[in-house]
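Each chain, written out:
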Amino acid sequence: MTMVRTLKIFSGNANKGLAEAICKYLKMPLGDAAVSTFSDGEIMVQLNENVRGMDIFIVQPSTNPVNRSIMELLIMIDALKRSSAYRITAVLPYFGYARQDRKVQPRVPITAKLVADLITAAGANRVLAMDLHAGQIQGFFNIPVDHLYATPVILEYLNKLGLKDLVVVSPDAGGVERARAFAKRLKSTLAIVDKRRDGPNISEVMNIIGEVENRDALLLDDMIDTAGTITQAAEAIKKRGGKRILAACTHGVLSGKAIERLNNSVIDEIIMTDSIPLNDKYKECKKKITVLSVAPLLGEAIKRIHQEESVSSLFV
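Attention in this report is confined to the structure presented alongside it. (Residues numbered from 1 in each chain as written. Predicted model: local features only at pLDDT ≥ 70, side-chain atom pairs only at ≥ 80, totals over all residues. Heavy atoms only, no water.)

### Concerning the side chain of arginine 126
Piece 1. One can find arginine 126 in strand 6 (residues 126–130).
Piece 2. The exposure class of arginine 126 is buried, given its relative accessible area of 16%.
Piece 3. Look past the residues within four positions of arginine 126 in its chain and what remains in contact with it is Arg87, Ile88, Thr89, Ala90, Ile143, Pro144, Asp146 and Ile305. (Helix = DSSP H or I, 4+ residues; strand = E, 2+ residues; numbered from the N terminus. Buried < 20%, exposed > 50% of the residue type's maximum accessible area, 1.4 Å probe, protein only. Contact = heavy atoms within 4.5 Å.)

This is the structure:
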């Protein structure tokens, strides 16, 4: 006789709205957990319902404040483990510290591996992630990882725009594979921005490889952080004769001067998902930003993992 275990979804404070949207898709309530702080700033977690023997999913991206979001996740995993949950899956719509995934100079850490080890050591049994900054981060975990892409969600929206003579542009060499896959699905051409980075969050556009003149251009990246790279690339495309310029990403980090830069840029529309909740400053750039929900995609993956069904058709 096969036991049918109960599915429950919990969330920290990082993106409760997304967790609620996932639960709405799955037609179930969000798990009752109180995640607060002591007066000195330490995080306190209290599960207000039974989880013994259940299949638990925690929706918690590494959003700002990043360190607090990660600690909330680790402490919730520990609370669930000590409450005898059968299986704990960390759902990471955005995986923080992923940009430091290798040593590019002496005496620096590999934080992506460190955070992966912390999540595993806390007691997670598996991970469901979306658009990791580098695909090899899947191998940093010693537990199963299901790596989703927001591609279907973004493609569905782009196909409705009726873009013609479109060129998909990678803002740097590292994103060429992602841009090529998009271009193939959109049946468009590909261009690459040759960029020299002078330091963290500082970049300088040097050249464009490919034809962008008299074309609509889609700048594609996994995240927009300070928006320096994407806005400089857009400016270079405009100078080369590009017509309508769109930017698309999965994770709208939007830190520092990002909103100001996007507002003052030549980009006509910025497409991003709700993997990260947008802060109040987003309202200053609301006319340019389109937010797509990945809740149905994550919800479908959670359902299939819980039912021990294949999720490979979602990996596009």
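Once you've had a look at it, read on.
### Section: the pairing of strand 3 (residues 43–47)
Piece 1. Burial along strand 3 is one-sided: the face carrying Ile43, Val45 and Leu47 is buried and the face carrying Met44 and Gln46 is not.
Piece 2. Where strand 2 (residues 33–37) meets strand 3, five bridges bridge the pair, whose relative direction is antiparallel. The residue of strand 3 that forms the bridge with serine 36 is methionine 44.
Piece 3. The hairpin formed by strand 2 and strand 3 contains five residues between the paired strands, and glycine 41 there has a positive phi angle of roughly 100 degrees. (Pairing = 2+ DSSP bridges.)

### With respect to the side chain of lysine 288
Piece 1. With respect to the helices, strands and loops of the structure, lysine 288 is situated in the loop between strand 13 (269–273) and strand 14 (289–292).
Piece 2. Although lysine 288 is buried, it makes no salt bridge; aspartate 268 carries the closest opposite charge, 6.8 Å away.
Piece 3. A polar atom in the side chain of lysine 288 sits 2.9 Å from the backbone oxygen of leucine 262.
Piece 4. A distance of 3.5 Å separates the side chain of lysine 288 from the backbone oxygen of asparagine 263, its partner in a polar contact.
Piece 5. Ignoring any residue separated from it by four or fewer positions in sequence, one finds lysine 288 in contact with Leu262, Asn263, Ser265, Ile267, Asp268, Glu269 and Ile270. (Lys, Arg positive; Asp, Glu negative; His and termini not counted. Salt bridge = Lys/Arg side-chain N within 4 Å of Asp/Glu carboxyl O. Polar contact = N/O pair within 3.5 Å; in protein donor to acceptor, adjacent residues only side chain to side chain.)

### Examining the environment of glutamate 42
Piece 1. Along the chain, glutamate 42 turns up in the loop between strand 2 and strand 3.
Piece 2. Here glutamate 42 falls in the partly exposed class, since its relative accessible area comes to 47%.
Piece 3. Separated by 29 residues in the primary sequence, glutamate 42 and methionine 71 place their C-alpha atoms 9.4 Å from one another.
Piece 4. Not counting chain neighbours up to four residues away, the residues in contact with glutamate 42 comprise Ser36 and Thr37.

### Quick word on the environment of aspartate 78
Piece 1. Within the secondary structure, aspartate 78 is located in helix 2 (residues 66–82).
Piece 2. Exposure remark for aspartate 78: the relative accessible area of 25% places this residue in the partly exposed category.
Piece 3. Counting along the chain gives 44 residues from aspartate 78 to alanine 122, while the straight-line C-alpha distance between them is 5.6 Å.

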